[in-house]
Amino acid sequence: MLLRDIGYAKILFIGRDSLDINDNIRERIEKTKQLLSKLVHKNTMAYLQGLNCIKCDYETLGEYDNACKYATMIIDILSHNGVEHKATKKDEELVRDIWVHAYDTKARQGDFESFCIAMEWNRPINKQFYLPRAKLLKKHGVIQGIQDLIDDKLDLLVLNLPPRCGKTTVGLFLQTLIGGMFPDESILSAGHTTGLIQTFYNEIMNFMNDTEYRYHEIFPNNHIVDKSSEYYYFDLNKKRRFHTYNFVSIETGGTGKVQAERLLYCDDLVKDVEQANNPDRLEKLYHNYTSTIKDRKIQRLCKDGLYRPCPEIHINTPWSLYDVTSRIVQTAKDTGDMSRVRIISVPCYDENGESNFVYDYGKGFSTKYYKDMELAEDPVIFSAKYLMTPV
């Protein structure tokens, strides 16, 4: 037999072996399903472990939709009913491991809420960012907007919220997730100054490196291989010309240096009311945005099979009708098609004059806090920063 024939025979053997393994896994899945169907009680450790085995097997097969289906079943059982088990440390740890790994499974497939929960799983609840804020962030549509952006349902998402309500941290979690899912594609992040983008760079690095978070349990194959705190970039898994994460200020832009393949993230492109009141300054910022940031977007294949430029998220204080984000929104409205554009604008007060942002565990801000700020702030500034009404 010729050497090339021996090599070809080995490939065929390996291929058959792989198919045999997959067939064995599918057979095991069906047997487990049959066993689970015979269980009368669904709140037992046996049932939970069976669901977990099926979930893990589907992940091994690369059938991620099915894996997420069983992960959701696990989360629903443990979140609402729980399971009966021995009051031992071993069983408690087993339940918690199955629970968090179910969130890991969904996070790897782009479920934003699951990612936030999985990342902070080991943090005390009063120190966590997401869960104390989750109820209101979902009520205001923020989490659904982020999820629709991830799922290729939006080309532009604008979040207008008062200061310190968590909008930037949501955006940084989003970047961390997308970079984890697509380490070979680039994210471009822009802010009003170098000082601001430095905080983005530092915080995403912190999410990945601090053992307080579970990034490497969710994405165990991702590692930072190149970084620059001078030029604000870093790469995952291999060095590349257009980095996994790129951070630029709107003042300097990114022509020739950066690329936005998976996401364009813009956070507070206008620094303050002084800039907002200067028409010439606003015009220059808009020019910088269109000619050195927006033009770095490239086309990518979306889930519906169509090629589109990468989506944008703008996290914003609506300082002026003529600032960068307001002009982008107006341009979208002028096209007559807002089906892939969403603007989420939430003022500090609800329709009854009460705070929209009293989060759990003492987070957020009371009505009294906002009333005090309203008395202390210039009315024009308060209107833009807290009432989402542009200057």
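Residues numbered from 1 in each chain as written. Predicted model: local features only at pLDDT ≥ 70, side-chain atom pairs only at ≥ 80, totals over all residues. Heavy atoms only, no water.

### Some remarks on the overall build of the protein
- On a plain count of helices and strands, the protein comes out with 15 helices and 10 strands.
- Projected onto the principal axes, the alpha-carbon positions of the protein cover approximately 75 × 60 × 40 Å.
- Burial analysis of the protein (391 residues in total) assigns 50% to the buried set.
- Long-range contacts, defined here as pairs at least 24 residues apart, represent 68% of the contacts in the protein between residues at least 6 apart.
- Surface summary for the protein: the accessible area is close to 19,500 Å², and the carbon and sulfur share equals 52%.
- Taking the 51 positively charged and 55 negatively charged side chains of the protein as two groups, their mean positions are separated by 3 Å. (Helix = DSSP H or I, 4+ residues; strand = E, 2+ residues; numbered from the N terminus. Buried < 20%, exposed > 50% of the residue type's maximum accessible area, 1.4 Å probe, protein only. Contact = heavy atoms within 4.5 Å. Areas by Shrake-Rupley, 256 points an atom, 1.4 Å probe, with all protein chains shown as cover. Lys, Arg positive; Asp, Glu negative; His and termini not counted. Charge placed at Lys NZ, Arg CZ, Asp CG, Glu CD.)

### So, the sheet that holds strand 4 (residues 233-236)
- The mixed open sheet is built from eight strands, whose spatial order is 3-4-5-2-6-9-1-10. Single-partner strands in this sheet number two, and they are strand 3 (224-228) and strand 10 (341-345). Looking at each pair of strands side by side, their axes are set apart by 10° on average, direction ignored.
- By the bridge criterion, five bridges tie strand 2 (residues 187-191) to strand 6 (residues 263-267) in an arrangement that is parallel. Each bridged residue has a counterpart across the sheet, and for Ala-190 the counterpart in strand 6 is Cys-266.
- In this fold helix 13 (residues 324-335) packs onto strand 1 (156-160), strand 9 (312-316) and strand 10, with an angle of close to 135° to the strand it touches most, strand 9. (Pairing = 2+ DSSP bridges. Axes fitted to C-alpha atoms, helices over the stretch in contact; angles between N-to-C directions.)

### Examining helix 6 (residues 130-139)
- Regarding helix 6, the residues found buried are Tyr-130, Pro-132, Arg-133, Ala-134, Leu-136 and Leu-137.
- Looking at the buried residues of helix 6, the elements they touch are helix 5 (112-119), helix 7 (142-150) and helix 8 (167-181).
- Where helix 6 ends, the next residue or the one after it, Gly-141, has phi of about 85°, a positive value.

### Side note on the packing of helix 2 (residues 45-61) against helix 4 (residues 89-108)
- Where helix 2 contacts helix 4, the two axes come as close as 11 Å, and the packing angle between them is 30°. On the basis of their axis angle, the class for helix 2 and helix 4 is roughly parallel. In this structure, the crossing between helix 2 and helix 4 has a hand that is left-handed. For the pair helix 2 and helix 4, contact is made by Met-45, Leu-48, Gln-49, Asn-52, Lys-55 and Glu-59 and by Leu-94, Val-95, Ile-98, His-101, Ala-102, Thr-105 and Arg-108, respectively.
- When grouped by side-chain class, the residues that make up the contact of helix 2 with helix 4 number six nonpolar, four polar and three charged. (Parallel < 35°, antiparallel > 145°, perpendicular 65-115°, else oblique. Left-handed = near helix turned anticlockwise from the far one by under 90°. Nonpolar A, V, L, I, M, F, W, Y, C, P; charged D, E, K, R; others polar.)

### Looking at helix 7
- By the criterion of burial, helix 7 is predominantly enclosed, with eight of the nine residues buried.
- Among the residues trailing helix 7, Asp-152 stands out with phi positive, at a value near 65°.

### Here we look at unusual backbone geometry
- You will see that Asp-268, though not glycine, has its phi angle at about 50°, which is positive.
- Relative to the helices and strands, Asp-268 is located in the loop between strand 6 and helix 11 (273-276).
- One non-glycine residue with positive phi stands out, namely Met-388, at about 60°.

### Things to note about the pattern of salt bridges
- Counting across every chain of the model gives 24 salt bridges.
- A salt bridge links Lys-33 to Glu-30, with the nearest nitrogen and oxygen atoms 3.8 Å apart. In this pair, Lys-33 and Glu-30 are both assigned in helix 1 (residues 3-37), three residues apart and thus about one turn of the helix distant.
- With relative accessibility at 42%, the residue Glu-30 sits in the partly exposed group. (Salt bridge = Lys/Arg side-chain N within 4 Å of Asp/Glu carboxyl O.)

### Quick word on the environment of Gly-305
- Structurally, Gly-305 can be placed in the loop between strand 7 (299-301) and strand 8 (307-309).
- Distance from Gly-305 to Met-208, taken between C-alpha atoms, is 31 Å for residues 97 residues apart in sequence.

### As for the packing of helix 5 against helix 8
- Following both chains from N to C, one finds helix 5 and helix 8 inclined at 95°, their axes separated by 10 Å at the closest point. Between helix 5 and helix 8, the crossing angle belongs to the class labelled roughly perpendicular. From helix 5, Phe-112, Phe-115, Cys-116 and Met-119 reach across to helix 8, where they touch Val-170, Phe-173, Leu-174, Thr-176 and Leu-177.
- Classifying every residue of the contact of helix 5 with helix 8 gives eight nonpolar, one polar and no charged.

### So, the environment of Ile-224
- With respect to the element layout, Ile-224 can be found in strand 3.
- With 135 residues separating them in the primary sequence, Ile-224 and Tyr-359 have C-alpha atoms 34 Å apart.
- The contacts of Ile-224, once residues within four sequence positions are left out, are Met-205, Met-208, Asn-209, Phe-234, Asp-235 and Leu-236.

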